[in-house]
Amino acid sequence: MRKKIAVVLLGLILILSLAPAAMAASQSFSGVVEEIDKHLQDAYTTYKQSDVAGAKNLVDEAYFGPYESGQMEKAVRLNISAKRNAEVESAFKQLKKDMVKGVPASQIKQQIEQLVSGLQADAKTLDGDLSGSSTGFGAFLASFLIIVREGFEAILVIGAIIAYLVKSGYKEKVKVIYQSTAVALVASLLTAWVLTKVFSVSGASREVLEGATMLLAVVVLFSVSYWLVSKSEAQRWQNYIKDKVQGSLNKGSTFALWSAAFLAVYREGAETVLFYQAMMSGTTDLSMVLAGLGVGILALGLIFAIIRYASVKLPMKPFFLGTSFLLYYLAFVFAGQGVGELQNAGVIGSTSVNIPTVAWLGIYPTWETLAPQLLLLAIAVAGFVYQSKYRKAGLT
């Protein structure tokens, strides 16, 4: 087991260390905001000339260009808060919506000023907090936080699935999860390479890819979550095991677990590689970035070991229900985030609703992001009622 974990971690280190490390020094985030402001001022001028489509395109260029590709989006999310990043994304979307509505140019100008003013405050915070991130401990800390933050959700899913297999007597099937993890790492690297080297894919296309991956993960995670709940009763589980003669999971269940592990890693992997590419290209102390990466991976390994071995010792029903709740929670969050990514790309519209943003739950103030989450809640309630009646009837 330890050798397999070491191989997976080493593979991740080698993959990320392939990122380019010798390019021009990165600019400050204040410089990024200046670029954003220039695009938005051009958008305002274009809007005054009654070219709504052109103005919207310039707003998109400001968001997908300097804000996203300039790594400010990830820096805000990581070093300020996910909620603040959601507010910025919402401001960009609202600006485009108001342009389509034909609001007065003076109102558009005011919105741009407010957006840029907020981004300037964010840049000041980031430039202050990360002023040492190009050298020394700052680079180490930033690198460490990135890999831990991006890898934590994947570790939760993989650890829970492996613990489930071992606890269920299917230890030989654990290799399936390691295989899916390895495939996901390679797919992440290839995706990042394709995005940066072959197609020069626009920011909008990257948002579509990430959003689609999240929504696919929702389906897989929710289906596995419900399946675990349905088998949480000891008698049901024993009956299920008896049905699987020779101690082998059926192909459908194995594929579902393989897919859950793959999507958990792939969702974070490509984005992480791209982030490290940008970070390494702008640092003057590559050794500290790699040190932070290495320590962060070791921390993830420790987290994985705790989840993996502690959960195996849990009683069956609490373990199954706990794992199910974890997967359902992630599916719920991904549902909101996935639709949000598609909204940012302009694939799905945005209808505002007066509720607060709760980033850790993936709740954002639009009906489009809430709709799949409400559907998940409805399905979960219906499933709970069905399972309750199923148990009362004494069925297995």
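Here, the structure is the one placed above.
The text that follows walks through the structure, step by step, so that each part is easy to find. Every value quoted in this text rests on a predicted model; they were computed, and no experiment measured them.

### Digging into the overall build of the chain
Move 1: Of the regular secondary structure elements, the chain holds 14 helices and zero strands.
Move 2: Along its sequence from the N terminus, the chain presents helices and strands in the succession α-α-α-α-α-α-α-α-α-α-α-α-α-α.
Move 3: Expressed as a percentage of contacts within the chain between residues at least 6 apart in sequence, the contacts between residues at least 24 apart total 80%.
Move 4: Of the accessible surface of the chain, which amounts to about 18400 Å², a share of 65% is contributed by carbon and sulfur atoms.

### A word on helix H2 (residues 29-48)
Move 1: Between its first and last C-alpha atoms H2 spans 29 Å; for 20 residues at 1.5 Å apiece the expected length is 28 Å, and the two agree.
Move 2: Considered for burial, the residues of H2 that qualify are Phe-29, Gly-31, Val-32, Val-33, Ile-36, Leu-40, Ala-43, Tyr-44, Thr-46 and Tyr-47.
Move 3: A positive backbone phi angle near 70 degrees is found at Ser-50, which sits one or two residues after H2.

### Let's talk about the pattern of salt bridges
Move 1: Taken as a whole and assessed by the stated rule, the structure comprises four salt bridges.
Move 2: Among the ionic pairs, Lys-96 bridges to Asp-60, the shortest N-O distance being 2.7 Å. Residue Lys-96 is found in helix H5 (residues 82-101), and its partner Asp-60 is found in helix H3 (residues 52-69); the two are separated by 36 residues along the sequence.
Move 3: Linking Glu-87 and Arg-84 is a salt bridge whose minimum nitrogen-to-oxygen distance equals 3.5 Å. With Glu-87 and Arg-84 both in helix H5 and three residues apart, this pair spans about one turn of that helix.
Move 4: We classify Glu-87 as partly exposed; its relative accessible area is 37%.

### Let's talk about the environment of Lys-171
Move 1: Here Lys-171 shows up in the loop between helix H7 (136-167) and helix H8 (174-198).
Move 2: Excluding residues within four positions of it along the chain, Lys-171 makes contact with Leu-165 and Val-166.

### Remarks on unusual backbone geometry
Move 1: Phi at Ser-50 takes a positive value of approximately 70 degrees, unusual for a residue other than glycine.
Move 2: Along the polypeptide, Ser-50 turns up in the loop between H2 and H3.

### So, the nonpolar core
Move 1: One finds Ile-162, Leu-165, Ile-177, Leu-221 and Phe-334 to be the most contacted residues of the largest nonpolar core, which totals 55 residues.
Move 2: Of all the secondary-structure elements, those providing two or more residues to this core are H7, H8, helix H9 (203-230), helix H11 (251-281), helix H12 (286-312), helix H13 (316-344) and helix H14 (367-392).
Move 3: It is H7 that contributes the most residues to this core, 14 residues altogether.
Move 4: Contacts of Phe-334, omitting those with residues within four sequence positions, involve Glu-153, Met-214, Leu-215, Ala-217, Val-218, Leu-221 and Arg-267.

What counts, and at which threshold
- Residues numbered from 1 in each chain as written.
- Predicted model: local features only at pLDDT ≥ 70, side-chain atom pairs only at ≥ 80, totals over all residues.
- Heavy atoms only, no water.
- Helix = DSSP H or I, 4+ residues; strand = E, 2+ residues; numbered from the N terminus.
- Contact = heavy atoms within 4.5 Å.
- Areas by Shrake-Rupley, 256 points an atom, 1.4 Å probe, with all protein chains shown as cover.
- Expected span 1.5 Å × (residues − 1).
- Buried < 20%, exposed > 50% of the residue type's maximum accessible area, 1.4 Å probe, protein only.
- Salt bridge = Lys/Arg side-chain N within 4 Å of Asp/Glu carboxyl O.
- Core = buried A, V, L, I, M, F, W, Y, C linked by side-chain atoms within 4.5 Å.

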